[in-house]
Amino acid sequence: MQDLNDMLFFTEVVERGGFAAASRALGIPKSRLSRRVAELEQRLGVRLLQRTTRKLSLTEVGEQFLRHCLVMREAARAAEQAAAQVQTAPRGTIRIACPVTLAQTGVGELVARFMALYPQVRVEMLVTNRVIDLVEEGVDVALRVRPTLESSGSLVIKQLGRSCPRLVASPALLARQGGAPASPDDLSRLDTVAMSVNDGQASWRLIDAFGAERVVVHRPRLVADDLLTVQTAVIAGTGAGVLPDYLCREALESGLLVPLLPDWRSPEGMVHAVFPSRRGLVPAIRSFLDFLGEHLKGETFVA
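On a predicted model such as this, the values are computed, not experimentally measured, just so you know.

## Describing the sheet that holds strand β12 (residues 241-244)
- Sheet architecture is open: three strands sit in the order β12-β7-β13, paired in antiparallel fashion. Each edge of the sheet is formed by a strand with only one pairing partner; in this case those strands are β12 and β13 (258-259).
- Bridging between strand β7 (residues 165-169) and β13 involves two bridges; their strand directions are antiparallel. Each residue of the ladder has a partner; that of Ala169, found in β13, is Val258.

## Notes on unusual backbone geometry
- The phi dihedral of Asp199 falls on the positive side, at around 55 degrees, and the residue is not glycine.
- Mapped onto the elements, Asp199 comes out in the loop between β8 (193-194) and β9 (202-208).
- For Asp199, a relative accessible area of 70% gives the class exposed.
- In this structure, Leu261 takes a positive phi of about 45 degrees despite not being glycine.
- Overall, the relative accessible area of 5% leaves Leu261 in the buried class.

## Describing the confidence of the model for the chain
- In the predicted model, the chain carries a mean pLDDT of 85, and the fraction of residues at 70 or more is 90%.
- Within the model, pLDDT remains below 50 along residues 298-303, and this stretch shows 20 contacts once partners closer than five positions in the same chain are excluded.

## With respect to the side chain of Arg36
- Structurally, Arg36 can be placed in helix α3 (residues 30-44).
- Residues contacting Arg36, with those up to four places away along its chain left out, are Asp3, Asn5, Asp6 and Phe9.

## So, the environment of Cys69
- Considering the arrangement of structural elements, one finds Cys69 in helix α4 (residues 60-84).
- For Cys69, a relative accessible area of 0% puts it in the buried group.
- A C-alpha to C-alpha distance of 18 Å links Cys69 and Ser23, two positions 46 residues apart in sequence.
- Look past the residues within four positions of Cys69 in its chain and what remains in contact with it is Met7, Phe10 and Thr11.

## Here we look at the nonpolar core
- Ile94, Leu143, Leu243 and Leu257 are the most contacted members of the largest nonpolar core, which totals 38 residues.
- Not counting the four nearest positions on each side in its chain, Leu257 is found in contact with Val168, Ala169, Ser170, Pro171, Val234, Ile235, Leu243, Cys248, Ala251 and Leu252.
- Ala22, Ile28, Leu48 and Leu66 belong to the second largest nonpolar core, which has 15 residues in total.

## Some details on helix α9 (residues 245-254)
- Listed as buried for α9 are Asp245, Tyr246, Leu247, Cys248, Ala251 and Leu252.
- At its buried positions, α9 is contacted by α5 (100-117), β6 (155-163), β7, α8 (227-236), β12 and β13.
- Downstream of α9 by one or two residues, Gly255 has phi in the positive range, about 90 degrees.

## A few points about the packing of helix α1 (residues 4-16) against α3
- Direction vectors running N to C along α1 and α3 enclose 115 degrees, while the axes themselves pass 9 Å from each other. Here α1 is positioned roughly perpendicular relative to α3, judged by the angle of their axes. With respect to the hand of their crossing, α1 and α3 are arranged in left-handed fashion. Here Asn5, Asp6, Phe9, Phe10 and Val13 of α1 come into contact with α3, specifically with Leu33, Arg36, Val37, Leu40 and Arg43.

## Some remarks on the packing of aromatic side chains
- Applying the stated rule across the entire model yields four aromatic pairs.
- Measuring from centroid to centroid gives 4.9 Å for Phe114 and Tyr118, while their planes differ by 50 degrees, and the two rings are tilted.
- Relative accessible area serves as the criterion here: at 26%, Tyr118 is assigned to the partly exposed category.
- Ring centres of Phe114 and Phe288 lie 5.2 Å apart, and the angle between their planes is 70 degrees; on these two criteria the pair is classed as edge-to-face. With a gap of 174 residues between them, Phe114 in helix α5 and Phe288 in helix α10 (residues 283-295) connect regions that are remote in the sequence. When sorted by exposure, Phe114 lands in the same class as Phe288, which is buried.
- In this structure an aromatic cluster arises from ring pairing among Phe114, Tyr118, Phe288 and Phe291.

## Digging into the sheet that holds β9
- Read across the sheet, three strands follow the order β10-β9-β14 without closing on themselves; strand pairing throughout is antiparallel. The sheet is open, and its two edges are formed by β10 (213-218) and β14 (264-265), each paired on a single side.
- Note: β9 against β14, two bridges, orientation antiparallel. Opposite Asp208, over in β14, you have Trp264 as the bridge partner.

## As for the pattern of salt bridges
- Evaluation of the coordinates by the stated rule reveals 15 salt bridges.
- A salt bridge links Arg43 to Asp6; the shortest N-O distance between them is 2.4 Å. Within this pair, whereas Arg43 is found in helix α3, its partner Asp6 is found in helix α1, the two being separated by 37 residues in sequence.
- Taking the shortest distance from any N to any O, the salt bridge between Arg95 and Glu124 comes out at 3.0 Å. With Arg95 in strand β3 (residues 92-98) and Glu124 in strand β4 (residues 121-127), this residue pair connects regions lying 29 residues apart in the sequence.
- What makes Arg95 partly exposed here is its relative accessible area of 27%.
- In the salt-bridge network here, residues are joined through shared partners; they are Glu12, Glu15, Arg16, Arg73 and Glu74.

So, how was this worked out
Residues numbered from 1 in each chain as written. Predicted model: local features only at pLDDT ≥ 70, side-chain atom pairs only at ≥ 80, totals over all residues. Heavy atoms only, no water. Pairing = 2+ DSSP bridges. Helix = DSSP H or I, 4+ residues; strand = E, 2+ residues; numbered from the N terminus. Buried < 20%, exposed > 50% of the residue type's maximum accessible area, 1.4 Å probe, protein only. pLDDT = per-residue confidence, 0-100. Contact = heavy atoms within 4.5 Å. Core = buried A, V, L, I, M, F, W, Y, C linked by side-chain atoms within 4.5 Å. Axes fitted to C-alpha atoms, helices over the stretch in contact; angles between N-to-C directions. Parallel < 35°, antiparallel > 145°, perpendicular 65-115°, else oblique. Left-handed = near helix turned anticlockwise from the far one by under 90°. Phe/Tyr/Trp six-rings, centres within 6.5 Å; stacked < 30°, edge-to-face > 60°. Salt bridge = Lys/Arg side-chain N within 4 Å of Asp/Glu carboxyl O.

So this is what it looks like as structure tokens:
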């Protein structure tokens, strides 16, 4: 009888683009995985994969075989998930990736509250600003803030909330450099702070109440690829800057910062989670996503 595990191994190798990635995902030595796929081809009497030194590709019969393997795998997962429904309490390990500032200004606390509600859940949290390959790195859920909900390939996207960037400056900076600007053109006389530059220049995209857009190009005095460093510099009066609302709200309320150009705004950022579809059905992950959806729609992230 055909060993169904070999069909699973073959599918993982194809989906992950090679034996090394599939080996890490499955926890099986690469040599063993390669041998099992080769034995599968021998039993079938056909070649399923074309192997080169740089990549793998499917043969024509391999493409047909893969479709049947996918159906088999999804049926097995459906059966497993049906059995798991009897477990009402979420349990197991969730691997989460989250940008640094988002983790430090709200999500870290929410993760702790979620774990207090579900003591059988264990969390591994990867706090980083780099782009995460969920499949390659075995991450269950990645939290992101983007201007739009762009396509993420085979990943599922769940919108959680909004982040409203604010153009702000310290009263000391404005007193030193001629007062608050009356129009986007006046921003040129202010020192600025930014997270990145191109040929020494950065830009802000501003939108007025009628939808008209202006792009303000500036040469920042300070460039730092960390939002908390930018926040500190703006409050200290180093320069004006754009900060997410959740990172400048308290400083605005206390008077440490003042909003600039109130008739203009920066584009909103969408706070969202991405996850592989099959993992989103696991009770612990589904509960975590629901928990985030409930709490990130509150005042923490929406101005």
